[in-house]
Amino acid sequence: MRPRRDVFALDYIEETIEAFLNIWDPKKIDIDLQYKWFYDVLSEYFSTSGDNELISKLATKFNNKVINVKTNEASFNGIEKSIPYHRLEEEKPNISYEDFFKLMRFRRSVRWFLDKKVPRTLIDKAILAAAQSPSACNRQPFEYRVIDDPELLKGVVNLPGGVRGYVDGIQTIIVVLGNLDAYFDERDRHVIYIDASLANMSFMLALETLGLSSCAINWPDVEVLEKKMEHILKLEKHQRPIMCMAVGYPDPLGKVAFSEKRTLEHIRTYNYGNSN
């Protein structure tokens, strides 16, 4: 916040510290950047917070837990602290709106793929890009189940429906899952769909930059299909399929449907309903 108060977060800092102490594993600080992030944010909080009895007590608990890490800053291998920072204009990539709009127009749902194996390295690159998408409280309540094993593929590829006519050409399908264990309150249970959808669009655009294409496949909210997917993928009870995507090298001879989009005037209003 700006300006930052000297003392803040009193309503939940104790719960946060207790959660941190329960999961803290110093051996992971070098291999899991989220552990480094947890440590850096809390270290910065305690080093900059104003005078407060509760914060002082929790700072002592925190420092006693991480004392060995705190005296060995070299373990971070020179990585900058994972705390709020200023965006630098010189780090902004040189991508014009025109180029971005061309990419958006070029990306279309592709249903005809070459008989060519999709490298997992390219899938992973696209997922890394998707992971940069915005996520409420950075919970990132989604994961990508990539299925390229022929036997497993047979059990999954027909479950979503909507693949009639091109299902035999799908060599890789991705099931995007939402993880409800990230939420304790009923009001937030819809967030898995929002956050995953934000990531999925980034994922599909990233595929296009790597020479791959995709087709988003709707996942019907039908209990019998949910149970089948749960069984095949061995899902936990808190996991929900959100959507599926066929991925592959696009066949240049295969056509894509022409999808005329609605005009700007049909999808945009400014201050509608304002009586002034």
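Residues numbered from 1 in each chain as written. Predicted model: local features only at pLDDT ≥ 70, side-chain atom pairs only at ≥ 80, totals over all residues. Heavy atoms only, no water.

### Regarding the side chain of Ser 214
- Mapped onto the elements, Ser 214 comes out in strand β3 (residues 213-218).
- When near neighbours in sequence (up to four residues on either side) are disregarded, Ser 214 contacts Arg 108, Ser 109, Val 110, Met 204, Leu 207, Glu 208, Ala 246 and Val 247. (Helix = DSSP H or I, 4+ residues; strand = E, 2+ residues; numbered from the N terminus. Contact = heavy atoms within 4.5 Å.)

### So, the confidence of the model for the protein
- Taken as a whole, the protein shows an average pLDDT of 92; of its residues, 95% reach a score of 70 or greater.
- In the model, residues 71-76 has pLDDT below 50 throughout and makes nine contacts with residues more than four positions away in sequence or in other chains. (pLDDT = per-residue confidence, 0-100.)

### Examining the sheet that holds β3
- With antiparallel pairing, the four strands of this open sheet are ordered in space as β1-β2-β4-β3. With partners counted over all chains shown, the strands left at the sheet margins are β1 (142-147) and β3, one partner each. Adjacent strand axes in the sheet meet at a mean angle of 25° when their direction is disregarded.
- As paired elements, strand β2 (residues 172-179) and strand β4 (residues 239-248) share eight bridges and run antiparallel to each other. Within the sheet, the bridge partner assigned to Thr 172 lies in β4 and is Val 247.
- Where helix α6 (residues 120-130) meets the sheet, its contacts fall on β1, β2 and β4, and the angle it forms with β1 comes to roughly 165°.
- Packing of helix α9 (residues 223-233) onto the sheet brings it into contact with β1, β2 and β4, and relative to β4 it is tilted by some 75°. (Pairing = 2+ DSSP bridges. Axes fitted to C-alpha atoms, helices over the stretch in contact; angles between N-to-C directions.)

### Brief notes about unusual backbone geometry
- Cis geometry is found at the peptide bond from Arg 2 to Pro 3, where omega equals 0°.
- Topologically, Pro 3 is positioned in the segment before α1 (13-23).
- We note that Asn 138 has phi near 55°; this positive angle belongs to a residue other than glycine.
- Structurally, Asn 138 can be placed in the loop between α6 and β1.
- A positive phi is found at Asn 271, a non-glycine position, where the angle reads about 55°.
- Along the polypeptide, Asn 271 turns up in the segment after α10 (264-267).

### Considerations on helix α8 (residues 191-209)
- Along its 19 residues, α8 runs 28 Å from first to last C-alpha, staying within 8% of the 27 Å computed at 1.5 Å per residue.
- Those residues of α8 that fall on the buried side of the exposure criterion are Val 191, Ile 192, Asp 195, Ala 196, Ala 199, Asn 200, Phe 203, Met 204, Leu 205, Ala 206, Leu 207 and Glu 208.
- On the buried face of α8, the contacting elements are α5 (97-106), α6, β1, β2, β3 and β4.
- Where α8 terminates, the next one or two residues include Gly 211, which has phi positive at roughly 85°. (Expected span 1.5 Å × (residues − 1). Buried < 20%, exposed > 50% of the residue type's maximum accessible area, 1.4 Å probe, protein only.)

### What about the packing of helix α2 (residues 33-48) against helix α3 (residues 53-65)?
- Closest axis-to-axis distance for the α2/α3 pair is 10 Å, and the angle between their directions is 140°. Relative to α3, the element α2 is oriented oblique. Viewed along their axes, α2 and α3 form a crossing whose handedness is left-handed. The segment α2 lies against α3, with Tyr 39, Leu 42, Ser 43, Tyr 45 and Phe 46 engaging Ile 55, Leu 58, Ala 59 and Phe 62.
- Considered class by class, the residues forming the contact of α2 with α3 number eight nonpolar, one polar and no charged. (Parallel < 35°, antiparallel > 145°, perpendicular 65-115°, else oblique. Left-handed = near helix turned anticlockwise from the far one by under 90°. Nonpolar A, V, L, I, M, F, W, Y, C, P; charged D, E, K, R; others polar.)

### What to know about the nonpolar core
- Counting residues in each nonpolar core, the largest one holds 25 residues, and the members touching the most others are Tyr 144, Ile 174, Val 176, Phe 203, Leu 212, Met 245 and Val 247.
- Only α6, β1, β2, α8 and β4 provide two or more residues apiece to this core.
- With eight residues, the single largest contributor to this core is α8.
- Not counting residues within four places of it along the chain, the set of residues in contact with Phe 203 comprises Ile 123, Ala 126, Ile 127, Ala 130, Tyr 144, Ile 174, Met 245 and Val 247.
- Counting 23 residues, the second-largest nonpolar core is a separate cluster that includes Val 110, Phe 113, Cys 215 and Cys 244. (Core = buried A, V, L, I, M, F, W, Y, C linked by side-chain atoms within 4.5 Å.)

### Focus: a nonpolar patch on the surface
- Nonpolar side chains collect at one region of the surface, where Ile 95, Tyr 97, Phe 100 and Phe 101 lie side by side and expose about 450 Å² of accessible area between them.
- Mapped onto the elements, Tyr 97 comes out in helix α5.
- By relative accessible area, Tyr 97 is classed as exposed at 54%. (Patch = residues over 30% accessible without salt bridge, like charges linked within 9 Å, V, L, I, M, F, W, Y side chains within 5 Å. Areas by Shrake-Rupley, 256 points an atom, 1.4 Å probe, with all protein chains shown as cover. Salt bridge = Lys/Arg side-chain N within 4 Å of Asp/Glu carboxyl O.)

### Regarding α2
- Counted at 1.5 Å a residue, the expected span for α2 with its 16 residues is 22 Å, and the 22 Å between its end C-alpha atoms agrees.
- Those residues of α2 not exposed but buried are Tyr 35, Lys 36, Tyr 39, Asp 40, Leu 42, Ser 43, Tyr 45 and Phe 46.

### Structural notes on the pattern of salt bridges
- Evaluation of the coordinates by the stated rule reveals 10 salt bridges.
- Put simply, Asp 185 and Arg 187 hold a salt bridge, and the shortest N to O gap is 3.9 Å.
- Taking relative accessible area as the criterion, Asp 185 reaches 28% and is therefore assigned partly exposed.
- Among the charged side chains, a network of salt bridges with common partners joins Asp 185, Arg 187 and Asp 188.

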